[in-house]
Every structure is written in structure tokens, then in C-alpha cells.
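Chain residues, written in single-letter form:
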Number of protein chains: 2
Amino acid sequence: MTRNANIRDEARQVDVRPPCIILCEPQLGENIGTAARAMANFGLTDLRIVNPRDGWPSDKARAAASRADHVIDCVQVFDSVEAAVADLTYVYATTARSREISKPVRGPDEAALKLTELGASDLATGYLFGRERWGLNNDEVALADEIVTLPVDPEFASLNIAQAVLVCAYEWRKTAVKDALPFRLNEELHPPAAKEDVVRFFDHLESALDTVTFFRPPERRPNMVLTLRNIFQKAELTDQEVRALRGVVAALENRRTRPRPEEPRVKTKGVQATNDQDES
Amino acid sequence: MTRNANIRDEARQVDVRPPCIILCEPQLGENIGTAARAMANFGLTDLRIVNPRDGWPSDKARAAASRADHVIDCVQVFDSVEAAVADLTYVYATTARSREISKPVRGPDEAALKLTELGASDLATGYLFGRERWGLNNDEVALADEIVTLPVDPEFASLNIAQAVLVCAYEWRKTAVKDALPFRLNEELHPPAAKEDVVRFFDHLESALDTVTFFRPPERRPNMVLTLRNIFQKAELTDQEVRALRGVVAALENRRTRPRPEEPRVKTKGVQATNDQDES
């Protein structure tokens, strides 16, 4: 099977300018690379690095990026956060702890909403991430418009930088594509069954059960029928599934199933959903 | 500063049974460890592994878990997905590609909603993740109730397993704590200003500007006043900020600022937000 065949158009539809990601003084090339991969997963490409400890370019970053080369190739390096955010109009600083700063604190979903609104007007925006060990200092946070933090378990709040990038990028894309997923249940391949076919299956099942005197005592029949019908109603059966179930009942009734035209002498071995089963 | 002081109670409040995470035949101990850390970040602890390629326990997994030892210590190893899900009542299979399977496909947010609903009734649930290289096979997906997939960029859809675990765990916790963040803007430390104080600041600023004949020509005064007032209204000033701004205006007016009681002869050097500035 081809990977990602039949991608829904809505999942590709990003009509807003994506934010950039700014990593302030990252220490490990691996973290830069993993952040780049996380960005690529959710359609972000503008990665900016302020004073990477081990310099740039970085082989470790490229290796960790797992083929997100288009992000790594375009990395810009800056010598201050001021320079890195200079062309942006709105910036979120990410922090894992509360601060004595009078600045609104948002969740990644709220931040994503704000940045997609601004991105819809083609405004340049960004997320600012701090150092692995101790994050951003207050002067750096002051350069941002608002703070974003994650709803972590306070008992285990230390999040890897690339993981924090991932969650912000995920929320951004989710908002930008309006919750569209690359694929959903394929209703062309699996059209839901028409009620008349479902009811015909019920009738078939119940008459087969009548034949073997399943409903005993007879006064319990109405309730048992309701129970059985509810089971199958909850399953939201497709067309194909109704045909398969009728095949099952026919097989259990010991009816002879029709041979396939192309395999005239095939043995009936269990149920095949693609068989044309006898209609009762 | 103590990290994570003043954590809001709502952010700790998880009243629902958390889901487990099942990794099917993971190859790399690092991925198991990073997944364990991601789980711990969002309050999940029940990690189950089906046939880990390099056996169990794994030093690499423990190192990559970055002190999520409480997750690593409780890992359960199974020899089949059937065994790993046996005690669960609802399971999501995660997959990155559409399949010929008639099963609803959900986003991580929708899945989180379902599992927190079930967890509120103390039902055991789980997320099933596939192998690094090729995910889950169709028989394994068939063991799940529904499918969960991420809104990735279809052009770069290959997500690291631990990253996929992270997003599912994040959405679960976000739902379980009802969007509570560990901290928000501290409104006790930063109470919003009363309107009368804001208006008094406006009056102060405008009278200072009148003194230096800022509003020229005079007929432009009403519009310019509106412009200035709007700037400060948008800032949603706190009490402290209004005091700081009044200090700024007083300083620019060359008024003498009151010396602090404890520092009777302090020189006025710029503005200090904690100064008590003269009230006009």
C-alpha cells in the first residue's frame, strides 16, 4: 500500500503564514535536529538559533532531523534574541515556570489561535524557546508579547525542548487546518448501509433463529430481538458489513453459498466478505 | 526562584483513570525511554511493551527516560498485542496512514475526550502504537475500537513514536484537567488597575502634555487624546503598572519623587516600579 495515499485536501490547506521557531542558546545539536523534525511534521520551516553552544552547521542536528533537510538548510543563526525576533510582529515566549512578570499566560491551543489569526493577515510571528537547563531569562521573556506554557504534570514538568516545539507546532497546524486530519474513515470505500438492508438482515437473522427455536420461552422473543438489534445498530454497519453478516447467517443455516463465477469449484471456507451470498 | 512554585490546584486535579500506552515491538530502547518521559510529563504511568526487539529491562530506555523511573520501573512486557490489551475496555490504535479498515478515525483531541469520559467511570483504556518502521498490521488495528491519527503535514508525515505518544498524552491531560495550566498570570501579584486609577493617570498625562503645549494645533487635541488613551487601554494595565506610568510622567515633568522611607537620600535614577511616586 502506498503510504499516505488518498490524503484529504483540507489537511494540506494551510492558508496562513506559519510562525518561526527560535531556539535560544541550545546546547545539543540533537535537540536542534529533533526540533527541526517536529517542525517539519507540522509544516513549519523557519528555524532560528541564537548562539548555539556547539556552533553551526551541526552534523548532529542534521542527523537528528531525520530528513527534515529543508528546515536545517534554511536555519538562520543570530547573536541575540533581539536580532532573532526583529522582523516579527508577535512573539510567544515558552516557559515552564511562573514568573514575576505581568504578561498573559496561554496554553499552546490559545497561542495557536492567536498566531493563526495574525498569520491569516500574513504577519510574521514566532515561538521563543529557552535553554535546555534553565530556559529564558526575564529580559528575553520581556521581548515577547505573551507567555505560552504546557499543561504538564507539575510533579514531572521538565519537558525536552524538541517536545515543547512539537506540541506548539502540533497545536498550530491543528488550528491552521481547522482540525482536518490527513484521512478519516473512507466513506466511499465503506458507505454506511441503508436502513432497509439492515432491517432485511435483522429479519434474516431472526427467522434463522426462529427455525432453530432460539427464542425460548416465546414471550421473551420481543426483548431478545431488541437486544440483538441494538447490538448491530451500535456497530453503525457499512454496506459491506451487512452483506458479510448475511453471509454468516446463511452459512450457519447451512445454506449453500453461490460459487464465485471465476472460481466455479471453490470450497466454502469460513466467510469472505467479498462473496456474493445468497439473498433470502 | 523555586521552580513551579504556586502551582494552581486545577492543574493537579486529575479525577479520571489515565489510559495506558502500549508499544508494539519497539526496536530502540531510546524510543521506549523517550516515550516514558513524555508519558510522565502528562501524568501517564502505565507503559506496556509487546516483544521489545532488544529485550527488557533496557539501560538505554532508562537513560532516555530522564528520571521518569516510576514509569520504567512499572513497565509490563507482553508477547502479543492481545495479551497487552486483555484487561482494557477501549483501545485506540495509532496509525499514520489510511487503511482498508472500516473503523472511525479520530484526532488526538477527540480520542482524549473519549478516553477521559471512560476514565471518569474508572474504565481501563489505552493507546496502541506500532513499530518504528511500519506501524501496526491490520490484525493489530482490528483489536482496537477506533483509530487515532495526527494532523501532520502529509508531505512529512513520519513521526517518531515518542513524539506520537507525547501528543496523545498531551491531549489526554489537557482534557483531563479541563485546560487548566500549571500557572497563569498571577492576578494576586498583578491585580488589574481600577478604572478610576487609569483615568487619573490619563488626566495626569494629558495635563502634563498640555503644560508643554504638546497638542498642536489645539483642535487636534480630542483625537490625539483618544489615540493615547487607546494605547494604554489595550495594555490592560495592572495597578503596579499604572503607578509606574504615573512615576514616568512625574519624572518627565521634573517633579521631585518622594524619597523612600528606608533610603532617605536615594538619587532618582530612572523609574523603579516599586517606588511610591507622587500622586498629583
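Here is what the cut-offs are and how they apply
Residues numbered from 1 in each chain as written. Chains lettered and ligands numbered in written order. Predicted model: local features only at pLDDT ≥ 70, side-chain atom pairs only at ≥ 80, totals over all residues. Heavy atoms only, no water. Pairing = 2+ DSSP bridges. Helix = DSSP H or I, 4+ residues; strand = E, 2+ residues; numbered from the N terminus. Contact = heavy atoms within 4.5 Å. Axes fitted to C-alpha atoms, helices over the stretch in contact; angles between N-to-C directions. Parallel < 35°, antiparallel > 145°, perpendicular 65-115°, else oblique. Left-handed = near helix turned anticlockwise from the far one by under 90°. Nonpolar A, V, L, I, M, F, W, Y, C, P; charged D, E, K, R; others polar. Buried < 20%, exposed > 50% of the residue type's maximum accessible area, 1.4 Å probe, protein only.

S.K.: Give a detailed account of the sheet that holds strand E3 (residues 76-78) of chain B, specifying residues and quantitative values.
M.R.: Residues and elements named next belong to chain B. Here we have seven strands laid out as an open sheet, ordered E3-E2-E1-E6-E4-E7-E5, and parallel in their pairing. The open sheet is flanked by E3 and strand E5 (105-106), the only strands paired with a single partner. In this structure, strand E2 (residues 47-50) lies alongside E3, joined through three bridges in parallel fashion. Within the sheet, the bridge partner assigned to Arg48 lies in E3 and is Gln76. Seen against the sheet, helix H1 (residues 29-41) touches strand E1 (20-24) and E2 and runs at an angle of roughly 155° to E2. Taken strand by strand, helix H5 (residues 108-120) contacts strand E4 (90-94), E5, strand E6 (125-129) and strand E7 (146-148), and its axis lies near 165° from that of E4.

S.K.: Any details on the packing of H5(B) against helix H7 (residues 161-176) of chain B? Residues and values, ideally.
M.R.: Residue and element names in this part refer to chain B. Packing of H5 against H7 brings their axes to within 8 Å, and their N-to-C directions diverge by 50°. Taken together, H5 and H7 sit at an angle that is classed as oblique. Crossing geometry of H5 relative to H7 is assigned as right-handed. Contact residues: H5 offers Pro108, Asp109, Ala112, Leu113, Leu115 and Thr116, while H7 offers Val167, Glu171, Trp172, Thr175 and Ala176. When grouped by side-chain class, the residues that make up the contact of H5 with H7 number seven nonpolar, two polar and two charged.

S.K.: Account for the pairing of E4(B), with residues named and values stated.
M.R.: Residues and elements named next belong to chain B. Burial analysis of E4 places five of its five residues in the buried class, which makes it a mostly covered element. Burial along E4 is two-sided: Tyr90, Tyr92 and Thr94 and Val91 and Ala93, pointing in opposite directions, are all buried. Bridge count between E4 and E6: four bridges; the pairing is parallel. Looking at the pairing, Ala93 lines up with Leu128 of E6. The sheet contact formed by E4 and E7 spans three bridges and is parallel. Each residue of the ladder has a partner; that of Ala93, found in E7, is Ile147.

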